[in-house]
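Here is what each chain is made of, one letter per residue.
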Amino acid sequence: MKSRLLFLGPPGAGKGTQAARLCQAHGIKHLSTGDLLRSEVAAGTALGQEAEAVMNRGELVSDALVLAIVESQMKALNGGGWLLDGFPRTVPQAEALDKLLSELQQPIDAVVLLELDDGVLIERLLARGRADDTEAVIRNRLEVYRDKTAPLIDFYKAKGLLTSIEAQGSMDAIAERLEKSFS
Ligand code: ADP
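Residues numbered from 1 in each chain as written. Predicted model: local features only at pLDDT ≥ 70, side-chain atom pairs only at ≥ 80, totals over all residues. Heavy atoms only, no water.

This part is about the sheet that holds strand β5 (residues 162-166). In space, the 5 strands of this open sheet follow the order β2-β3-β1-β4-β5, with parallel pairing throughout. A strand with exactly one partner marks an edge of an open sheet, and here the two such strands are β2 (29-32) and β5. Neighbour-to-neighbour, the strand axes of this sheet turn through a mean angle of 20 degrees, independent of strand direction. Bridge analysis of strand β1 (residues 4-8) against strand β4 (residues 110-115) gives 4 bridges, and the strand direction is parallel. (Pairing = 2+ DSSP bridges. Helix = DSSP H or I, 4+ residues; strand = E, 2+ residues; numbered from the N terminus. Axes fitted to C-alpha atoms, helices over the stretch in contact; angles between N-to-C directions.)

Here is the structure:
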């Protein structure tokens, strides 16, 4: 099993759910920048206060802020496996991650792209009902994904790291597809 993974895909593709399952099954650490930011917001830290309004508009928090979070989490793992979910989300974040990983001598083993149609994404997100899951904010997040995050598909394809998974169907069916592509 590969132990240094990155999940890429639009909001609503099921990255969080599948990442949690895969990490539990293989004993690697799930690093979700969305979850980490939401716990900062819930704890009312300075960082959380800075991030909250940005997240509720469906915009991206600053590269420097998420990078600081990822760096401290990753260093605390002391070489154990990880799955990054929701990071990187911009080309500068991906470049900063490359730099960090080469310092740590921990290259990425694989990048998984979860693919799903916009119609299904919007339906799933509306059903979830998080603070940033209103229709207008969802549309903004999809646009931000297309503009800022989708260029990472070519970035990782060029490095020969990308695997695509069809994220349509039941959670079990998608989990099975993922397991197959890594075993
Ligand atoms: P989803 O993928 O369903 O949109 P996430 O939980 O991954 O949800 O992210 C929620 C919000 O947290 C994003 O819309 C953004 O505001 C912020 N966020 C998460 N990860 C990053 C990141 N790597 N860079 C900037 N902002 C981020």
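In terms of burial, β4 is largely enclosed, as 5 of its 6 residues are buried. Relative to β5, β4 runs parallel, the two sharing 5 bridges. Each bridged residue has a counterpart across the sheet, and for Leu113 the counterpart in β5 is Ser164. (Buried < 20%, exposed > 50% of the residue type's maximum accessible area, 1.4 Å probe, protein only.)

Closest axis-to-axis distance for the helix α2 (residues 33-43)/helix α3 (residues 46-56) pair is 8 Å, and the angle between their directions is 115 degrees. Note that α2 runs across α3; the crossing there is left-handed. Residue-level contacts link Gly34, Leu37, Arg38, Glu40 and Val41 of α2 to Leu47, Gly48, Ala51, Glu52 and Met55 of α3. Across the contact of α2 with α3, the residue classes tally to 5 nonpolar, 2 polar and 3 charged. (Left-handed = near helix turned anticlockwise from the far one by under 90°. Contact = heavy atoms within 4.5 Å. Nonpolar A, V, L, I, M, F, W, Y, C, P; charged D, E, K, R; others polar.)

Glancing now at the pattern of salt bridges. Taken as a whole, this structure holds 13 salt bridges when the rule is applied. The salt bridge involving Arg128 is made with Asp133; its shortest N-O contact spans 2.9 Å. Residue class for Arg128 comes out partly exposed when judged on its relative accessible area of 43%. Connected via shared salt-bridge partners are Arg128, Arg130, Asp132, Asp133 and Arg141. (Salt bridge = Lys/Arg side-chain N within 4 Å of Asp/Glu carboxyl O.)

Surveying the vicinity of the ligand reveals 19 residues, the closest of which are Thr33, Arg38, Glu59, Gly86 and Arg141. Here a nitrogen atom of the ligand sits 2.9 Å away from a polar atom, N or O, in the side chain of Gln93. In a pocket analysis with a 2 Å cut-off to the grid points, the ligand is assigned to the largest pocket. Per element, the largest residue contribution to the shell around the ligand is 4 residues, and it comes from α2. Each residue belonging to the shell around the ligand can be placed in one class, and the counts come to 7 nonpolar, 4 polar and 8 charged. (Near = heavy atom within 4 Å. Polar contact = N/O pair within 3.5 Å; in protein donor to acceptor, adjacent residues only side chain to side chain. 1 Å grid on protein atoms, 1.4 Å probe; cavity = no way out; pocket = protein on both sides within 12 Å on 5 of 7 lines; lining within 4 Å. Sits in = over half its atoms within 2 Å of the grid points.)

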